[in-house]
Amino acid sequence: MMMKPRVLEVRTNILKQNDQLARQMRDDFARQGVLVCNLVSSPGSGKTELLTKTLADLHARYRVAAIVGDLATDCDAKRLATSGAPTRQIQTDGLCHLEADMVARVLSDWQLGPLDFLFIENVGNLVCPTSWDLGEDLRVLLTSVTEGEDKPLKYPTLINTADLVLVSKVDLAEAVGFDRSTLLANIQAVRPGVAVHEVSARSNVGFAAWIEYLEEQLRAKRSAASV
Amino acid sequence: MVAPGPGGDVHELSIALSLIDEAAGAARSEGYVRVMRVHARIGVLSGVVHEALQFSFQMASPGTACEDAVLEIEEVPIQVRCPVCQQVVQLPNAYRFVCPTCGTPTPEVVAGRELELVSIEVDDDEAASA
């Protein structure tokens, strides 16, 4: 039997469903006036440590909550819970990134009430989360001094979507022979103009500036919404 | 290579599943049940490995409208707008966002993030005989 091929133009985003849901979530977050941060990095860059400390600090003055994606365990969720802030876990069973519907599902059956900050700690992976919009306001990428200076050049795709880069574990810089100017140059090479903060969750270096940055972003979002 | 499992990089599988869904939906809405060819445009900045997407597509398509369909992947290079030259220029790689002409940093990405289903090919005889 002869086949008569016919081409149908489609022209659609492959992740259309994720994008539509993320847009809806972003609208909801805007209406609620909550600032949403998506934390991304390779495994072991210090997302959980920084976030636990951030939650503990903000919790005293703001309404905060956190969702954490984890491949297989609830280790991170337990650590985050020590901050006193409400936390929920998404166990991805091997999936290397979070998708919008996973976050939406957690939020839909979580009686949270009004929030000021919502943090989403993505699965530790420096490639896979790139194309999944979670409705966040800020994509914050951590790169630790212990990972060396070349990570941005080797993994440019995710960092190219970042709104803020946090250089983490700076208390260990000297011990690991960290070359600060090279890393900063490499970050700017793949994401020109991106804001960079240097922090240590252990020694407190840069921590106050990170908190101030978050507070400023929240104020900016709310004043933009009230115009 | 892309075996799903703890720590495995399986985001190409997620993309393949969405691609199959969108392609099957597009065929169905025009009255077709079988897709013979799928044409996708994938940007260099999407972080998708073409071989992994091909592999995932072949693995996920059996039992769907895309079973036996050929996946054709077109790579979309990175294009940026140079703030000085005011030209849209193509970057030779993903790790140096500067204008190849004048060396100015180029934050504005015009192309290269695409994950796009462009078109599908269906068998027109199938619609006629249905």
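Residues numbered from 1 in each chain as written. Chains lettered and ligands numbered in written order. Predicted model: local features only at pLDDT ≥ 70, side-chain atom pairs only at ≥ 80, totals over all residues. Heavy atoms only, no water.

## Considerations on the interface of chain B and chain A
Operational definition: In this analysis, two residues are considered to be in contact whenever any of their non-hydrogen atoms come within 4.5 Å of each other. A 1.4 Å probe defines the accessible area here, and the buried area is the portion of it lost by two parts on being joined, summed over both. We count a salt bridge whenever a side-chain nitrogen from Lys or Arg sits within 4 Å of a carboxyl oxygen from Asp or Glu. Residues adjacent in sequence count toward polar contacts only when both atoms are side-chain atoms; beyond that, a polar contact is any pair of N or O atoms within 3.5 Å, and within protein one must be able to donate a hydrogen and the other to accept it. Put simply, DSSP marks the helices as runs of H or I at least four residues long and the strands as runs of E at least two long, and each gets a number from the N terminus on. By the convention adopted, Pro, Cys, Tyr, Trp, Phe, Met, Ile, Leu, Val and Ala count as nonpolar, Lys, Arg, Asp and Glu as charged, and the other residues, Gly among them, as polar. Any two strands are treated as partners once DSSP identifies two or more bridges connecting them.
Every contact between the two is made by 45 residues of chain B and, on the other side, 38 residues of chain A. Between chain B and chain A, the buried area comes to about 3400 Å², and carbon and sulfur atoms account for 60% of it. Where chain B touches chain A, the interface holds 2 salt bridges. Among the ionic pairs, Glu116 of chain B bridges to Arg11 of chain A, the shortest N-O distance being 3.3 Å. Inspection of the region where chain B meets chain A yields 15 residue pairs in polar contact (both at pLDDT 80 or more). At the level of elements, helix H1 (11-29), strand S1 (35-43), strand S6 (115-123) and helix H3 (124-129) of chain B are the ones that each hand at least two residues to the side of chain B that touches chain A. Residue contributions to the side of chain B that touches chain A peak at 9 residues, all from S6 of chain B. Each residue belonging to the side of chain B that touches chain A can be placed in one class, and the counts come to 22 nonpolar, 10 polar and 13 charged. Where strand S1 (residues 5-13) of chain A lies against S6 of chain B, 7 bridges are found, and the strand directions are antiparallel. Residue pairing across strands places Thr12 of chain A opposite Leu117 of chain B, the latter belonging to S6 of chain B.

## Remarks on helix H7 (residues 180-190) of chain A
Residues and elements named next belong to chain A. This is how the line gets drawn: Relative accessibility decides the category of a residue: with a 1.4 Å probe and only protein chains considered, values under 20% of the type maximum give buried, values over 50% give exposed, and everything between is partly exposed. Summarising the geometry, the arc corresponds to the directions from the helix axis toward the C-beta atoms.
Those residues of H7 lying buried are Leu183, Asn186, Ile187, Ala189 and Val190. Buried positions in H7, seen along its axis, are confined to an arc of 160 degrees and lie on one side of it. Residues of H7 that are buried in the fold lie against strand S6 (138-144), helix H5 (151-154), helix H6 (156-159), strand S7 (164-168) and strand S8 (195-198).

## As for the pairing of S7 of chain A
Residue and element names in this part refer to chain A. The following threshold applies: Call a crossover right-handed when, viewed with both strands pointing away from you, the route from the first strand across the helix to the second goes clockwise.
In terms of residue burial, S7 counts as a mostly covered element, since 5 of its 5 residues are buried. Bridge count for S7 against S8 is 4 bridges, and the pairing is parallel. The residue of S8 that forms the bridge with Leu164 is Ala195. In this fold, S7 hands off to H7, which returns the chain to S8; that crossover is right-handed.

## Some remarks on unusual backbone geometry
Residues and elements named next belong to chain A. Even without being a glycine, Lys169 presents a positive backbone phi close to 60 degrees. As for its placement among the helices and strands, Lys169 is situated in the loop between S7 and H7. For Lys169, a relative accessible area of 25% corresponds to the partly exposed category.

## Quick look at the packing of aromatic side chains
Residues and elements named next belong to chain A. Condition: For Phe, Tyr and Trp, where Trp contributes only its six-membered ring, two rings pair if their centres lie within 6.5 Å, and the inter-plane angle classes them as stacked under 30 degrees, edge-to-face over 60, or tilted in between. The criterion is that NZ of a Lys, or CZ of an Arg, lies within 6 Å of the ring centre and within 35 degrees of the ring normal, and then a charge sits over that ring.
According to the stated counting rule, one finds 2 aromatic pairs over all chains in the structure shown. Between Tyr62 and Phe117, the aromatic rings sit 5.2 Å apart at their centres with planes inclined by 85 degrees, giving edge-to-face as the arrangement. One end of the pair, Tyr62, is in the loop between helix H2 (47-59) and strand S3 (64-70); the other, Phe117, is in strand S5 (residues 117-121), with 55 residues separating them in the sequence. Within the aromatic cluster, the residues linked to one another by ring pairs are Tyr62, Phe117 and Phe119. Over the ring of Phe207 we find Lys53, and its NZ or CZ is 5.2 Å from the ring centre.

## Some thoughts on the nonpolar core
Heads up, the condition is: In these notes, a set of buried Ala, Val, Leu, Ile, Met, Phe, Trp, Tyr and Cys residues joined through side-chain atoms within 4.5 Å is what counts as a nonpolar core.
Among the nonpolar cores identified, the biggest contains 53 residues, and Val38, Phe57 and Ile120 of chain B are the most heavily contacted of them. Elements that contribute at least two residues to this core include exactly helix H1 (16-32), S3, helix H4 (100-108) and S5 of chain A together with H1, S1, helix H2 (50-60) and S6 of chain B. In terms of residue count, the dominant contributor to this core is H1 of chain B (9 residues). If we ignore the near neighbours within four places in the chain, the residues touching Phe57 of chain B are Ala16, Leu19, Ile20, Val38, Cys66, Ala69 and Leu71 of chain B.

## A word on the side chain of Glu121 of chain A
All names here are of chain A. Its location among the elements puts Glu121 in strand S5. At a separation of 2.7 Å, a polar atom in the side chain of Glu121 contacts the side chain of Thr48. Not counting the four nearest positions on each side in its chain, Glu121 is found in contact with Leu39, Lys47, Thr48, Leu51, Ile67, Val68, Gly69, Asp76, Leu80 and Leu98.

## As for the sheet that holds S5 of chain A
All names here are of chain A. Stated formally: Whenever a helix is involved, its axis is fitted only over the stretch in contact; in every case the axis is a line through C-alpha atoms, and angles between N-to-C directions fall within 0 to 180 degrees.
Spatial strand order, S4-S3-S5-S2-S6-S7-S8: 7 strands in an open sheet with parallel pairing. The open sheet is flanked by strand S4 (87-91) and S8, the only strands paired with a single partner. Neighbouring strand axes in the sheet, compared pairwise and without regard to direction, differ in orientation by 20 degrees on average. Pairing analysis gives 5 bridges linking S3 to S4, with the strands arranged parallel. Paired with Ala66 across the strands is Thr87, a residue of S4. Running over the sheet, H7 touches S6, S7 and S8 and is turned about 150 degrees from S8.

Just distances and angles here, no functional claims.
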